[in-house]
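Survey of secondary and tertiary structure
Here are the chains, one letter per residue:
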Amino acid sequence: MRMAELRRELCAYGRRAVDQGLVIGTSGNLSVRDGELVAVTPSGGALDRLTPDMCPVVDIEGYLVEGDHPPSSETPMHLAVYASTNAEAIVHTHSVFGTVVASTMSELPPVHYNALILGGVVKVAEYATYGTPELAANVRAAMAGKRAVLMANHGGVTIGASLEQAFEATRLLEWLCEVYVRALSIGRPAILTEAQLAAVVDRTLNSPPFPRRP
């Protein structure tokens with residue numbers, strides 16, 4: 001079986017996505033790349049019930065290489081992101097707070113400096129029907145220079161150098177969305193300025209060593 005270990009990882013992170021409430025039913029999909037091949041979760045499959053052999057493998061042009069199940073309907077979007085970024089893995093979810101923000105905002109502003117991990121402001125890609133070339137193009141455009149995007153009235157997409165990184169980016173995206181939504185319930189959230197974010201970057205890159213006792 002091609003990409004056997006990576007297909008096992010797809011199943012493991014699919015279960016985690018369900019366990020952590022990031023998807024319900026058969027919503028959401030994940031993929032992982034190995035060179036010219038991409039393993040992706042199957043169309044219509046519940047992410048907490050997958051087995052490695054259920055996850056088809058396609059090439060980067062979208063042709064089925066191995067598997068008896070059809071690939072996710074969002075495969076064109078995954079392939080568009082792979083073509084335009086250095087991603088090795090992609091996670092797409094319909095998480096609650098992410099979808100709330102995606103249904104009401106044009107972007108998620110940086111309410112916490114950890115937004116820098118995702119590239120700062122998270123853009124909301126314009127709405128298009130799921131599985132279409134239009135949605136793939138919209139996500140691809142919104143992902144430029146970022147590790148995450150929200151899809152209008154749909155959900156979120158994150159990327160990483162591994163499934164672990166992409167999944168942790170998804171968890172961070174949902175946390176940031178929840179912080180923003182909950183902050184709105186009690187007042188007007190303070191948004192970090194470009195200067196404040198730049199200071200965080202400078203602090204991270206130039207932090208002095210912790211002093212040792214002589």
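Structural data are supplied above this passage.
Residues numbered from 1 in each chain as written. Predicted model: local features only at pLDDT ≥ 70, side-chain atom pairs only at ≥ 80, totals over all residues. Heavy atoms only, no water.

**Here's the deal with the nonpolar core**
Met3, Leu10, Leu30, Val32, Ala39, Leu50 and Leu163 are the most contacted members of the largest nonpolar core, which has 21 residues in total. Breaking this core down by element, the ones donating at least two residues are helix H1 (4–19), strand E1 (29–34), strand E2 (37–40), strand E5 (89–93) and helix H5 (163–184). Counting residues per element, this core draws most heavily on H1, which supplies four residues. Apart from residues lying up to four places away in sequence, Leu30 is in contact with Leu10, Tyr13, Gly14, Ala39, Val40, Thr41, Leu47, His78, Ile90, Val91 and Leu163. Core analysis: the second largest hydrophobic core is formed by 20 residues, Val58, Ala136, Val139 and Val149 among them. (Core = buried A, V, L, I, M, F, W, Y, C linked by side-chain atoms within 4.5 Å. Buried < 20%, exposed > 50% of the residue type's maximum accessible area, 1.4 Å probe, protein only. Helix = DSSP H or I, 4+ residues; strand = E, 2+ residues; numbered from the N terminus. Contact = heavy atoms within 4.5 Å.)

**Some remarks on the pattern of salt bridges**
Pairs can form between side chains of opposite charge once their charged atoms are near each other. All told, the structure shown has six salt bridges when counted by the stated rule. For Glu66, the salt bridge identified is with Arg2, shortest N-O distance 3.6 Å. Of this pair, Glu66 sits in strand E4 (residues 64–66) while Arg2 sits in the segment before H1, and the two are 64 residues apart along the sequence. Its relative accessible area of 22% is what places Glu66 among the partly exposed residues. Residue Glu168 is joined to Arg171 by a salt bridge in which the shortest nitrogen-to-oxygen separation is 3.1 Å. Of the two residues, Glu168 and Arg171 both sit in helix H5, three residues apart, roughly one turn of that helix. When its relative accessible area of 32% is taken as the criterion, Glu168 is described as partly exposed. For Arg171, a relative accessible area of 37% gives the class partly exposed. (Salt bridge = Lys/Arg side-chain N within 4 Å of Asp/Glu carboxyl O.)

**Description of the packing of aromatic side chains**
A full pass over the atoms with the stated rule returns one aromatic pair. Pairing Tyr13 with Phe167 gives two aromatic rings, centres 5.4 Å apart and planes at 50°, and the pair type is tilted. In this pair, Tyr13 sits in helix H1 while Phe167 sits in helix H5, placing the two residues 154 residues apart along the sequence. Judged by relative accessible area, Tyr13 falls into the buried class, the value being 12%. (Phe/Tyr/Trp six-rings, centres within 6.5 Å; stacked < 30°, edge-to-face > 60°.)

**Topic: the environment of Ser31**
Structurally, the position occupied by Ser31 is in strand E1. A residue is classified by how much of its surface remains accessible, and Ser31, at 0% relative accessible area, is buried. Each C-alpha atom of the pair Ser31 and Ser72 lies 9.3 Å from the other, and the pair is 41 residues apart in sequence. Once you skip the residues sitting within four places of it in the chain, Ser31 turns out to touch Leu10, Val38, Ala39, Val40, His78, Tyr82, Ala89, Ile90 and Leu163. Of the polar contacts made by the side chain of Ser31, one reaches the side chain of His78; its length is 2.7 Å. (Polar contact = N/O pair within 3.5 Å; in protein donor to acceptor, adjacent residues only side chain to side chain.)

**Digging into the sheet that holds strand E6 (residues 107–108)**
Read across the sheet, nine strands follow the order E4-E3-E2-E1-E5-E9-E8-E7-E6 without closing on themselves; strand pairing throughout is mixed. The sheet is open, and its two borders are formed by E4 and E6, each paired with just one other strand. Note that E5 and strand E9 (residues 155–160) share five bridges and pair antiparallel. Bridge pairing in E9 links Ala89 to Gly160. (Pairing = 2+ DSSP bridges.)

**Considering the layout of surface pockets**
Computed from the structure, the largest pocket encloses a volume of approximately 190 Å³. Lining the largest pocket we find 17 residues, and of these Thr26, Ser27, Gly28, Asn29 and Ser73 sit closest to its centre. For the lining of the largest pocket, a count of residues per class yields three nonpolar, 13 polar and one charged. (1 Å grid on protein atoms, 1.4 Å probe; cavity = no way out; pocket = protein on both sides within 12 Å on 5 of 7 lines; lining within 4 Å. Points joined across faces, edges and corners; volume = space filled by probe spheres on them. Nonpolar A, V, L, I, M, F, W, Y, C, P; charged D, E, K, R; others polar.)

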